[in-house]
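# Breakdown of the fold
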Amino acid sequence: MKEFKGRVAVITGAAGGLGREFANVAASLGMRLVLADVDAAALEQATGELRAGGAEVLSMVCDVRIAAHVEELADAALARFHGVHLLFNNAGVGAGGLIWENSVADWEWVLGVNLWGVIHGVRVFTPLMLECARREPDYEGHIVNTASMAGLLNAPAMGVYNVSKHAVVSLSETLYHDLRLVDAPVQASVLCPYFVPTGIDRSQRHRPEDLRGEAALTASQRMAQALVSKAVGSGKVQAPEVARLTFDAIREGRFYIYSHPQALGAVGERMEAIVHARAPADPYAATPEINALLRAGVKAQ
Ligand SMILES: NC(=O)c1ccc[n+]([C@@H]2O[C@H](COP(=O)([O-])OP(=O)(O)OC[C@H]3O[C@@H](n4cnc5c(N)ncnc54)[C@H](O)[C@@H]3O)[C@@H](O)[C@H]2O)c1
């Protein structure tokens, strides 16, 4: 995608973190914005700030887990702007701990947001974008799904999140192939950030009442939460930088987008282990202190 001015960007999880930064970059390029989030107050604040900066913004409280919400978002975007060019399926939440200790509610919530949110985004918006391409002679479209390095690695004590993000990588690669199959003027990318300071480590705040669960956190869940908070909080690459490099990739039509390419060594080791049928490589081989902390946390049980 080369032209941004006047075109329409839809962003889920737009009220905070990476989504908010995508909105800033899109606004600075003269795009018209459709912002979606479950956090009504933060969404209102983001909308006000972007409008004050001169952007044309439609915002909608939308829970991406729910098909009808995403369908209403698409209807509203079409009614207001008559088309969609750039879609960020970005909303996401996290939960950790030993994989057998996660509750049904943990799985339903994290897969609901991280995977079903992207499924609904692709299912609802891709046909709409293909239809726009038939109407607009110079149409260019692009879909960016936010996965994670957790979609390429399987760090211990983050199983629910890993599963959701691996599925997003799979969905995105397939979307890429399928768009090529139909010669669509719509491209696809998958964003795989490593630890970036945002609100992701506090995502429990968005957890719906019916999926909260009664049980107290286990020791492994507390340890995973503490580790993620530390890693996210001390991340050296900031969210505005991730948004900037994501737009560079959109401009250049690149599929895989990495915030920390230096972390890809562990992905290479994982792939090597797969093709040589060896035991899974340790994703924390380069940081044994993390493994030591995890072991200590689990033993404290
Ligand atoms: N920050 C990191 O270190 C990191 C690393 C890898 C991947 N990611 C991914 O980046 C994406 C953005 O997360 P972030 O780091 O900006 O976190 P964040 O918590 O700052 O932002 C996520 C946004 O999604 C919204 N949201 C949560 N549940 C929602 C739902 N059901 N429907 C709609 N919106 C919902 C939240 O209100 C919030 O505004 C997520 O998919 C996350 O998994 C983040």
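To start, this report covers the structure provided alongside it. (Residues numbered from 1 in each chain as written. Predicted model: local features only at pLDDT ≥ 70, side-chain atom pairs only at ≥ 80, totals over all residues. Heavy atoms only, no water.)

With that settled, consider the packing of aromatic side chains. Describing an aromatic ring pair means giving the distance of the ring centres and the angle of the ring planes. Applying the stated criterion across every chain yields a total of seven aromatic pairs. Both rings, one in Tyr176 and one in Phe255, keep their centres 5.3 Å apart while their planes meet at 65°; by these two values the pair is edge-to-face. Of the two residues, Tyr176 sits in helix H5 (residues 159-181) while Phe255 sits in the loop between helix H7 (239-252) and strand E7 (256-258), which places them 79 residues apart along the sequence. A relative accessible area of 11% places Phe255 in the buried class. Summarising the aromatic geometry, the rings of Tyr194 and Phe195 are spaced 5.0 Å apart at their centres and angled 45° between planes, so their arrangement reads as tilted. Put simply, the rings of Phe4, Phe22, Phe88 and Phe247 touch in pairs and so form one group of aromatic residues. (Phe/Tyr/Trp six-rings, centres within 6.5 Å; stacked < 30°, edge-to-face > 60°. Helix = DSSP H or I, 4+ residues; strand = E, 2+ residues; numbered from the N terminus. Buried < 20%, exposed > 50% of the residue type's maximum accessible area, 1.4 Å probe, protein only.)

Attention now goes to the sheet that holds strand E2 (residues 32-37). Pairing is parallel in the open sheet, where seven strands are placed in the order E3-E2-E1-E4-E5-E6-E7. At either margin of the open sheet sits one strand with a lone partner, and together these are strand E3 (57-61) and E7. Taking each pair of neighbouring strands and ignoring which way they run, the sheet shows an average axis angle of 15°. Judged from the six bridges that link them, strand E5 (residues 141-146) and strand E6 (residues 186-192) form a sheet pairing that is parallel. (Pairing = 2+ DSSP bridges. Axes fitted to C-alpha atoms, helices over the stretch in contact; angles between N-to-C directions.)

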